[in-house]
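Structural overview
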Amino acid sequence: MFTPKSQLVSPSPAQRPVLTAAVWKLLRPLVRILLRSGIPYGVFADLAKRAYVEIASEEFRIPERRQTVSRVAVITGLSRKEVARVRDLSSAEASVAAERCNRAARVIGGWLRDARFLDRRGAPRPLPMEGDGATFSLLVKEFSGDVPAGAVMDELLNVGAVARLDDGSVELLTRGYIPRDSKADKLGILGTDVAHLLATIDHNVHSTDAEPRFQRKVAYDNLPTEALATLRRLSADEAQRLLERMDRWMAENDRDTNPDVRGTGRKRAGVGIYYFEENYEEGKPS
């Protein structure tokens, strides 16, 4: 009896309508983004087929047996010809944009927590670009590797995260990296943040021998419009404080920022928070 990484399980009659309704709800905002970005159905269909083929090939194989085109076709419902075709499609990853966002976020995180770059009150202090002691160039070297400090500076200036002062030093204006003008970078977040949330949901639904991952939300459906501005500020402030605490803890336990940490394996883990609001419609599921 084999235990594959992922098992094919037919949904029960009670589960199927719930699952299809859930997929319908998550597809609506996704399709809205695709249409606003000029992505037609044919491109989305090819991406969906490729995801089916890749996951079936990598995660639903029989141990010690080659995953054939025929078996992938059976699992996915695609023809063998279509399986072979979508395997040759080019990748849709935006790794360059993702790496740029990660670099900028790491630099801001280091500026917020590393005592070398803080003033006596524990706030991030303005930094000269070059020189001795705490400088912006040193900050970038410590938290962004061998990327030129000027390139990181340009990115942070572009999103409004920093400002140049009259004396040439650099001041931090925000406590997090948020792409402001680049739609490409904002859309890149779609591919990471939503994927992480769906992976957590998948873990919580299908893992029977592992601890559930934290997944919560709080929502009310009869709030006055006038209350939302306060709610946005409150949620942003409280969430930012929590994320900064989590950032400090993870930095202390991450071997890239703290080489003295010992342990086995290499894992990526994190915490994501989002805010939402929408008009209430009677009878519409939440």
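Let us look at the structure shown here. (Residues numbered from 1 in each chain as written. Predicted model: local features only at pLDDT ≥ 70, side-chain atom pairs only at ≥ 80, totals over all residues. Heavy atoms only, no water.)

Another aspect to go through is the overall build of the protein. Each helix and strand counted, the protein has nine helices and two strands in total. Traced from its N-terminal end to its C-terminal end, the protein shows the element sequence α-α-α-α-α-α-α-β-β-α-α. Across the 286 residues that make up the protein, the buried fraction comes to 22%. Pairs at least 24 residues apart make up 46% of the contacts formed inside the protein by residues separated by at least 6 positions. Carbon together with sulfur atoms contributes 54% to the accessible area of the protein, which is approximately 21,400 Å² in total. (Helix = DSSP H or I, 4+ residues; strand = E, 2+ residues; numbered from the N terminus. Buried < 20%, exposed > 50% of the residue type's maximum accessible area, 1.4 Å probe, protein only. Contact = heavy atoms within 4.5 Å. Areas by Shrake-Rupley, 256 points an atom, 1.4 Å probe, with all protein chains shown as cover.)

In this section: the nonpolar core. Core analysis: the biggest nonpolar cluster contains 24 residues, and Trp111, Phe136, Leu139, Leu156 and Val162 have the highest contact counts within it. Of all the secondary-structure elements, those providing two or more residues to this core are helix 5 (95-113), helix 6 (136-144), helix 7 (149-158) and strand 2 (170-172). Ranked by the residues each element gives to this core, the list is headed by helix 5, at five residues. (Core = buried A, V, L, I, M, F, W, Y, C linked by side-chain atoms within 4.5 Å.)

Of note in the backbone geometry, Glu64 takes a positive phi value of approximately 65° without being a glycine. With respect to the helices, strands and loops of the structure, Glu64 is situated in the loop between helix 2 (41-59) and helix 3 (69-76).

Here the focus is the side chain of Asp114. Here Asp114 is to be found in the loop between helix 5 and helix 6. For Asp114, a relative accessible area of 16% corresponds to the buried category. Here the side chain of Asp114 touches Arg116 through a polar contact of 2.8 Å, side chain to side chain. (Polar contact = N/O pair within 3.5 Å; in protein donor to acceptor, adjacent residues only side chain to side chain.)

Each pair of packed helices can be summarised by the angle the axes make with each other and by the distance between the axes. For the pair helix 2 and helix 3, interaxial distance at closest approach is 9 Å and the crossing angle is 120°. When the axis of helix 2 is compared with that of helix 3, the two are oblique. Seen from above, helix 2 lies across helix 3 with right-handed handedness. The residues of helix 3 that touch helix 2, namely those facing Tyr52, Val53, Ala56 and Ser57, are Val72, Ile75 and Thr76. Taken together, the residues of the contact of helix 2 with helix 3 break down into five nonpolar, two polar and no charged. (Axes fitted to C-alpha atoms, helices over the stretch in contact; angles between N-to-C directions. Parallel < 35°, antiparallel > 145°, perpendicular 65-115°, else oblique. Left-handed = near helix turned anticlockwise from the far one by under 90°. Nonpolar A, V, L, I, M, F, W, Y, C, P; charged D, E, K, R; others polar.)

What follows covers the pattern of salt bridges. Counted according to the given criterion, the structure contains 11 salt bridges. A salt bridge links Asp46 to Arg85; its shortest N-O distance comes to 2.6 Å. Separated by 39 residues along the polypeptide, Asp46 in helix 2 and Arg85 in helix 4 (residues 80-87) bring together distant segments of the chain. For Asp46, a relative accessible area of 22% corresponds to the partly exposed category. Here Arg85 falls in the partly exposed class, since its relative accessible area comes to 33%. (Salt bridge = Lys/Arg side-chain N within 4 Å of Asp/Glu carboxyl O.)

Further remarks concern the packing of aromatic side chains. Inspection of the entire model under this criterion finds two aromatic pairs. Pairing Trp111 with Phe136 gives two aromatic rings, centres 6.0 Å apart and planes at 65°, and the pair type is edge-to-face. Note that Trp111 is positioned in helix 5 and Phe136 in helix 6, a separation of 25 residues in sequence. Classification of Trp111 as buried rests on a relative accessible area of 0%. For Phe136, a relative accessible area of 0% translates into the label buried. For the ring pair Tyr274 and Phe276, a centre distance of 6.4 Å and an interplane angle of 35° mean the geometry is tilted. Since its relative accessible area comes to 56%, Tyr274 is described here as exposed. According to the relative accessible area criterion, Phe276 is partly exposed, its value standing at 38%. (Phe/Tyr/Trp six-rings, centres within 6.5 Å; stacked < 30°, edge-to-face > 60°.)

Moving on: the packing of helix 3 against helix 4. In the contact formed by helix 3 and helix 4, the axes pass within 8 Å of each other and the chain directions differ by 100°. Taken together, the axes of helix 3 and helix 4 lie roughly perpendicular to each other. Note on element contacts: helix 4 touches helix 3 through Arg80, Val83 and Arg87, opposite Val69, Ser70, Val72, Ala73 and Thr76. Residue classes in the contact of helix 3 with helix 4 are distributed as four nonpolar, two polar and two charged.

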